[in-house]
Amino acid sequence: ISKTSEVSVDTPAASMGIRGGICTVSVTALGSTTANFLFGQSFTMTSQGVTQTTTTPGSTIIVTPGAPPTPPAPTPPGSLQPRRTRLPRRPKCPT
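Below or above, wherever it landed, is the structure these notes cover. (Residues numbered from 1 in each chain as written. Predicted model: local features only at pLDDT ≥ 70, side-chain atom pairs only at ≥ 80, totals over all residues. Heavy atoms only, no water.)

## A few points about the side chain of T60
Phase 1 of the analysis: Relative to the helices and strands, T60 resides in strand β7 (residues 59–63).
Phase 2 of the analysis: A polar contact is formed between the side chain of T60 and the side chain of N36, at a distance of 2.6 Å.
Phase 3 of the analysis: A polar contact is formed between the side chain of T60 and the side chain of T75, at a distance of 2.7 Å.
Phase 4 of the analysis: Residues contacting T60, with those up to four places away along its chain left out, are T34, A35, N36, P71, P72, A73, T75 and P76. (Helix = DSSP H or I, 4+ residues; strand = E, 2+ residues; numbered from the N terminus. Polar contact = N/O pair within 3.5 Å; in protein donor to acceptor, adjacent residues only side chain to side chain. Contact = heavy atoms within 4.5 Å.)

Listed below in C-alpha cells is the structure:
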C-alpha cells in the first residue's frame, strides 16, 4: 500500500513501483512474478530494460525470469480470490 510516495518492490524477475495505491504481488518457486494493480495512481513493472505502466485499476502484469513484462491486461475474474483468503480479516464490530 502506497499513500503518497512511490513504493518499490524487487523480486528475482522484476522491479515494481506503485504510487498512491494498492497492488498484490506473487512470486512462484521458479521466479515468475504476477502483480495485480487494485487501486491508485499508477503501477510500473520493469524487467530486461522494458517497463510496463498502468493507471487502470484491475490490471495485471506478469514477468517470467529473463523476459520483459507483459503489457497490462485485465485481471481475470476470480483470480484474486486465492490471495484474498490469505489477507487478515477485519474484526467484527459489535452491533
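## Description of the sheet that holds strand β8 (residues 73–74)
Phase 1 of the analysis: Reading across from one edge, β3-β4-β7-β8 is the order of the four strands in this open sheet, with antiparallel pairing throughout. With partners counted over all chains shown, the strands left at the sheet margins are β3 (22–27) and β8, one partner each.
Phase 2 of the analysis: As judged from the two bridges shared by β7 and β8, these two strands associate in the antiparallel manner. Looking at β8, one finds that T60 is bridged to A73. (Pairing = 2+ DSSP bridges.)

## Concerning the pairing of strand β2 (residues 15–19)
Phase 1 of the analysis: Pairing analysis gives five bridges linking strand β1 (residues 6–10) to β2, with the strands arranged antiparallel. Residue pairing in the sheet places V9 in a bridge with M16 of β2.
Phase 2 of the analysis: Two elements, β2 and strand β5 (residues 42–47), share five bridges in a ladder whose sense is antiparallel. Bridged to R19 within β5 is S42.

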